[in-house]
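One letter stands for each residue in the lines below.
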Amino acid sequence: MATDKAVETSINIPDTKSKSKGKAPLFVSSNGGVEPPQRRGVKKGLAIGDFILRLCAMGATIGAAVTVGSAQQTLPFFTQFFQFQAQYNDIPTLVFFMIANAIVTGYLVLSLPFSIICIIRPFATTPRLLLVIFDAAMAGLTIAAASATASIIYLAHNGNPNTNWLPFCQQFGDFCQSVSGAVVGSLIAGALLLFMLILSAFSLKRS
């Protein structure tokens, strides 16, 4: 006589709510690793700060280029054959300064989409690395142009008695004041670019 044996099958259903309670979800980074949301928030915050700094640096370089390009002054006295006038294209260093700031402004405009990508994808390293390389080049160009122009403005304000260079800012005060303000703006842009480099390097280090 065959005896029927009941076979019991138990199915264990894990209590996902109780086990997952208190555990934060994980995010997959671009290199395949799993990252906690805290690091994602830090990287996104750095990317947002980088975007804001780019806008500020863009405003500084635009202001510097426009100020130098529009800076000119004509003295109220003139002779029959000569008119005493000062403008940026009279000094080659100021021409270099305006072109350099225009180039940096164009670069900052083109870099904004890459900065937005870093906000959307905080763990993407390729756009951040490209920004680091070009930011370093643009920072060097900005600081070089501002430093060269600052030396010219210093001579314009104080002159050089050893070489008999007379200070012409005593006559062209408004022109020199405008250029001096543009130099300050360009130096601020260079400092912002250097700070962006620090943020990018810190973000890449945490990748």
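No experiment lies behind these values; they were computed from the predicted model shown.

Novice: Got a minute to help me understand helix H3 (residues 92–120) in this structure?
Specialist: Side chains of residues three or four places apart in an α-helix project in the same direction, reflecting 3.6 residues per turn. The first and last C-alpha atoms of H3 sit 43 Å apart over 29 residues, in line with the 42 Å expected at 1.5 Å per residue. Largest kink in H3: about 35°, centred on Leu112, with the proline Pro113 one to four residues after it.

Novice: How should the pattern of salt bridges be read in this particular structure?
Specialist: A pair can form between side chains of opposite charge whenever their charged atoms are brought close. Applying the stated criterion across every chain yields a total of 3 salt bridges. Arg54 is the partner of Asp135 in a salt bridge, and the nearest nitrogen-oxygen pair spans 2.6 Å. Placement of the pair is Asp135 in helix H4 (residues 126–158) and Arg54 in helix H2 (residues 37–70), with a sequence separation of 81 residues. In the salt-bridge network here, residues are joined through shared partners; they are Asp50, Arg54, Arg128 and Asp135.

Novice: Would you mind showing me how to read the packing of H3 against H4 here?
Specialist: A pair of packed helices is captured by two measures, namely the crossing angle of their axes and the spacing between those axes. Interhelical geometry of H3 versus H4 gives an angle of 160° and a closest axis separation of 9 Å. Here H3 is positioned roughly antiparallel relative to H4, judged by the angle of their axes. For the element pair H3 and H4, the recorded crossing hand is left-handed.

Novice: Just to check I follow, could you spell out the nonpolar core for this structure?
Specialist: In globular proteins that are soluble, nonpolar side chains generally tend to be buried together. Residues Val68, Leu94, Phe97, Phe175, Cys176, Val179 and Ala182 are the most contacted members of the largest nonpolar core, which totals 21 residues. Considering each element in turn, this core owes the most residues, 5 residues, to helix H5 (residues 173–205). Judged by nonpolar contacts, the second largest core, of 18 residues, contains Leu53, Tyr107, Ile119 and Met196.

Novice: It is not clear to me how the packing of aromatic side chains should be interpreted in this structure. Could you clarify?
Specialist: The description of two aromatic rings rests on the distance between their centres and on the angle between their planes. Evaluated as defined, the whole model comprises 1 aromatic pair. When the centroid spacing of 6.3 Å and the interplanar angle of 35° are considered together, the rings of Tyr107 and Phe134 count as tilted. Within this pair, whereas Tyr107 is found in helix H3, its partner Phe134 is found in helix H4, the two being separated by 27 residues in sequence. For Phe134, a relative accessible area of 44% translates into the label partly exposed.

Novice: Whenever I open this one, the confidence of the model for the protein confuses me. Can you help?
Specialist: Atom-level detail of predicted coordinates should not be read off regions where pLDDT is low. Confidence along the protein averages 80 in pLDDT terms, with 75% of residues attaining 70 or more. Under a pLDDT of 50 for its full length, residues 1–34 has, in the predicted model, 20 contacts with residues more than four places off or in other chains.

Novice: Just checking my understanding: could you explain the side chain of Thr105 for this structure?
Specialist: Mapped onto the elements of the fold, Thr105 is located in helix H3. For Thr105, a relative accessible area of 11% corresponds to the buried category. Residues within four places of Thr105 in sequence aside, it is in contact with Met58, Thr61 and Ile62.

Novice: I tried to follow H4 on my own but got confused; where do I start?
Specialist: Under the 1.5 Å per step criterion, the end-to-end length of H4 is 48 Å for 33 residues, consistent within 8% with the ideal 48 Å. Gly159 occupies a position one or two residues after H4 and carries a positive phi of about 70°.

Novice: It is not clear to me how the environment of Phe172 should be interpreted in this structure. Could you clarify?
Specialist: For Phe172, the position within the fold is in the loop between H4 and H5. Between the C-alpha atom of Phe172 and that of Ala156, which follows or precedes it by 16 residues, the distance is 9.4 Å.

Thresholds, definitions, all that
Residues numbered from 1 in each chain as written. Predicted model: local features only at pLDDT ≥ 70, side-chain atom pairs only at ≥ 80, totals over all residues. Heavy atoms only, no water. Helix = DSSP H or I, 4+ residues; strand = E, 2+ residues; numbered from the N terminus. Expected span 1.5 Å × (residues − 1). Bend = angle between axes of the 7 residues up to and from the residue. Salt bridge = Lys/Arg side-chain N within 4 Å of Asp/Glu carboxyl O. Axes fitted to C-alpha atoms, helices over the stretch in contact; angles between N-to-C directions. Parallel < 35°, antiparallel > 145°, perpendicular 65-115°, else oblique. Left-handed = near helix turned anticlockwise from the far one by under 90°. Core = buried A, V, L, I, M, F, W, Y, C linked by side-chain atoms within 4.5 Å. Buried < 20%, exposed > 50% of the residue type's maximum accessible area, 1.4 Å probe, protein only. Phe/Tyr/Trp six-rings, centres within 6.5 Å; stacked < 30°, edge-to-face > 60°. pLDDT = per-residue confidence, 0-100. Contact = heavy atoms within 4.5 Å.

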